[in-house]
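# Report on the structure
Now for the letters of each chain:
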Amino acid sequence: PSSAPTSASASSLPVVPPETRAQKRAFELAAALRESELARFNLTYKLHELEARKVFELSECVVASLYSFRACFHQSLDAVEALTPVVEELQATQQAARDRFQDEKQPWEVRRQQLNEVLYSLPNDPATASADSPHISGGAGSGGLRTPTRAQQRREAALRDPPSSGAGSASGMAGAPPG
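Here is a short report on the structure shown in this document. (Residues numbered from 1 in each chain as written. Predicted model: local features only at pLDDT ≥ 70, side-chain atom pairs only at ≥ 80, totals over all residues. Heavy atoms only, no water.)

Next up on the list: the environment of alanine 30. Checked against the element boundaries, alanine 30 lands in helix α2 (residues 18-72). Separated by 89 residues in the primary sequence, alanine 30 and leucine 119 place their C-alpha atoms 9.2 Å from one another. Once residues within four sequence positions are removed from consideration, alanine 30 is found in contact with Pro123 and Asn124. (Helix = DSSP H or I, 4+ residues; strand = E, 2+ residues; numbered from the N terminus. Contact = heavy atoms within 4.5 Å.)

A separate point is the pattern of salt bridges. Counting across every chain of the model gives six salt bridges. A salt bridge links arginine 40 to glutamate 37; its shortest N-O distance comes to 2.5 Å. Remark: glutamate 37 and arginine 40 occur in helix α2; sequence separation between them is three residues, near one turn of the helix. Judged by its relative accessible area of 21%, glutamate 37 is partly exposed. Taken together, the shared-partner salt bridges connect Lys46, Glu49 and Lys105 into one network. (Salt bridge = Lys/Arg side-chain N within 4 Å of Asp/Glu carboxyl O. Buried < 20%, exposed > 50% of the residue type's maximum accessible area, 1.4 Å probe, protein only.)

With that settled, the discussion passes to the packing of aromatic side chains. Tallying each qualifying case throughout the model produces three aromatic pairs. Here the aromatic rings of phenylalanine 41 and tryptophan 108 are separated by 6.0 Å at their centres, their planes lie at 50°, and the arrangement is tilted. Taken together, the residues phenylalanine 41 in helix α2 and tryptophan 108 in helix α3 (residues 77-121) connect sequence positions 67 residues apart. A relative accessible area of 2% means that phenylalanine 41 is categorised as buried. Taking the relative accessible area as the measure of exposure, tryptophan 108 reaches 2% and is therefore buried. Taking 5.4 Å as the distance between ring centres and 55° as the angle between the ring planes, the aromatic pair formed by tyrosine 45 and tryptophan 108 counts as tilted. Taken as a pair, tyrosine 45 in helix α2 and tryptophan 108 in helix α3 lie far apart in primary sequence, 63 residues in all. For the pair shown, tyrosine 45 and tryptophan 108 are each scored as buried. Three or more aromatic residues joined by ring pairs make a cluster, and in this case those are Phe41, Tyr45 and Trp108. The cationic tip of arginine 98 hangs over the ring face of phenylalanine 56; the distance from NZ or CZ to the ring centre is 4.7 Å. (Phe/Tyr/Trp six-rings, centres within 6.5 Å; stacked < 30°, edge-to-face > 60°. Lys NZ or Arg CZ within 6 Å of the ring centre and 35° of its normal.)

In this structure, Leu38, Phe41, Tyr45, Trp108, Leu115, Leu119 and Leu159 together form the largest nonpolar core, which totals seven residues. For this core, the secondary-structure elements that each account for two or more residues are α2 and α3. Dropping the residues within four chain positions of it, leucine 38 is found in contact with Leu115, Asn116, Leu119 and Tyr120. (Core = buried A, V, L, I, M, F, W, Y, C linked by side-chain atoms within 4.5 Å.)

Scope: geometric values only; no functional claims are made or implied.
Structure representation (structure tokens):
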């Protein structure tokens, strides 16, 4: 009774060629990269949205507080009524900022769709993609990956960090998605 496996038991196991395993792992890696890129974009957008909501809610609390002061303190009604135009202007500015924010959602959705299309247009299996493919950063016959150009780095940075122009906006969150 030897402990060595017999040739009959060793040949009964299916042998998967290494190329098939490599192709399967390359496909899984491409799918994981696509999903992580979409998740990163969604996180960036959600942070942008939360920041805008924070500003909106703070402004609404201030307006609500001023209206409550007006209702509760009739003795100081004159002083609060002097603030009424400012409160109404703040409320109108707030509504305009909210409307602008809603309008700004459209470019973000378009950019998300474009990113999704680009990611799904990439080859699933890097092993079968030709070196001349425009999706490979080395490009025409480079023989592999190379350092990205400054333009590529700027595009990637624009995707990672969407701009926000907080200076001139009432909401502090006006800004279009990179594009």
